[in-house]
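# Coordinate inspection notes
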Amino acid sequence: VDAPVRRASSEICMVNVLSPEGKHCRQGQGQIEQSYSEVMALHTPLTELFGIDHPIVLAPMGDVSGGRLAAAVSEGGGLGLIGGGRGDLTMLATECQLAKQGTEKPWGVGLLTWAVNQEIIDWAIAQQPAAIILSFGDPAPFAKAIHDAGIPLLAQVHSLDEAKQALDAGVQALVAQGREAGGHH
């Protein structure tokens, strides 16, 4: 099914909305090839930071968000994050390898701040993720190493005080979660 999409320049393009592979934009006599993501993309500071098509980030839920799921989200134009939890390096090695095999697009690793140490952070940095997110704690002790590696740092926060703390540590993006944190906090 073709559906009209109005673009900022007032031209109307026909996009096959049922199949992202049907990527034709009709203009005048010729055709301009465009990807479904290009036509449907919402550009935000988050999409610019990571070079992703959609401002969608997979929550790095431990035992749920593995390398295959992270790669699938990244392939779909979002930012897939592996739930690294407490930093079990055996598990992380497997999941990071799956992400690397599944996509060439940006993906990242999420860790529980209170449960990891510098060795685990350094190991995560060595995997060359596009992002590292630290949750449930002050990211400051690990921020310098992550910044020095050129990797954007995100932090999950639950209050205004935690948001200020994270921003003071140089975090590039905040994930705001309610104080109840799905039962985690």
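See the structure above.
What this report covers is the structure whose coordinates are included nearby. (Residues numbered from 1 in each chain as written. Predicted model: local features only at pLDDT ≥ 70, side-chain atom pairs only at ≥ 80, totals over all residues. Heavy atoms only, no water.)

## Focus on the overall build of the protein chain
Each helix and strand counted, the protein chain has seven helices and nine strands in total. Considering the protein chain as a whole, with its 185 residues, one finds that 41% of them fall into the buried category. Summed over its atoms, the accessible surface of the protein chain is roughly 10,000 Å², and 53% of this surface lies on carbon and sulfur atoms. (Helix = DSSP H or I, 4+ residues; strand = E, 2+ residues; numbered from the N terminus. Buried < 20%, exposed > 50% of the residue type's maximum accessible area, 1.4 Å probe, protein only. Areas by Shrake-Rupley, 256 points an atom, 1.4 Å probe, with all protein chains shown as cover.)

## Topic: the side chain of Gln 127
Of note, Gln 127 is situated in the loop between helix H5 (118-126) and strand E7 (131-135). For Gln 127, the side chain forms a polar contact with the side chain of Lys 100, separated by 3.2 Å. Excluding residues within four positions of it along the chain, Gln 127 makes contact with Cys 96, Lys 100 and Trp 107. (Polar contact = N/O pair within 3.5 Å; in protein donor to acceptor, adjacent residues only side chain to side chain. Contact = heavy atoms within 4.5 Å.)

## Brief notes about the pattern of salt bridges
In the structure shown here, the tally under the stated rule is one salt bridge. The residue Asp 148 makes a salt bridge to Lys 144 at a minimum N-O spacing of 2.6 Å. Taken together, the residues Asp 148 and Lys 144, both in helix H6 (residues 140-148) and four residues apart, mark about one turn of the helix. Each member of the pair, Asp 148 together with Lys 144, is exposed. (Salt bridge = Lys/Arg side-chain N within 4 Å of Asp/Glu carboxyl O.)

## Side note on the sheet that holds E7
For sheets, the rule is that strands pair by backbone hydrogen bonds, running either parallel or antiparallel. Strand order in the open sheet formed by five strands is E5-E6-E7-E8-E9, with parallel pairing between adjacent strands. Two strands lie at the open edges of the sheet, namely strand E5 (80-83) and strand E9 (173-176), each paired on one side alone. Between one strand and the next, the sheet's axes are offset by a mean angle of 25°, whatever the strand orientation. The pairing of strand E8 (residues 153-157) with E9 spans four bridges and is parallel. In the strand pairing of E9, Gln 156 is matched with Val 175. Strand contacts of helix H3 (residues 67-75): E5 and strand E6 (107-112), with the helix running at about 170° to E5, the strand carrying the most contacts. (Pairing = 2+ DSSP bridges. Axes fitted to C-alpha atoms, helices over the stretch in contact; angles between N-to-C directions.)

## A look at helix H4 (residues 89-102)
With 14 residues, H4 extends 19 Å from end C-alpha to end C-alpha; this agrees with the ideal 20 Å at 1.5 Å per step. Looking at H4, one finds that the buried residues are Leu 92, Glu 95, Cys 96, Leu 98 and Ala 99. Buried positions in H4, seen along its axis, are confined to an arc of 155° and lie on one side of it. Exposed side chains of H4 directed beyond 90 degrees from the buried face belong to Thr 90 and Gln 101. (Expected span 1.5 Å × (residues − 1). Arc of directions from axis to C-beta.)

## As for the environment of His 54
The residue His 54 is located in the loop between helix H2 (45-50) and H3 in this model. Here the alpha-carbon distance between His 54 and Thr 44, two residues 10 residues apart in the chain, equals 8.4 Å.

## Things to note about H5
Of all the residues in H5, the buried ones are Ile 120, Ile 121, Ala 124 and Ile 125. The buried residues of H5 occupy an angular sector of 140° when the element is viewed end-on, so they sit on one face. Opposite the buried face of H5, by more than 90 degrees, sit the exposed residues Glu 119 and Ala 126. Buried positions along H5 lie against H4, E6, E7 and H6. Among the residues of H5, the N-terminal cap falls to Asn 117, whose side-chain oxygen and the backbone nitrogen of Glu 119 are separated by 3.0 Å. In the segment just after H5, Gln 128 is the residue with positive phi, at about 60°.

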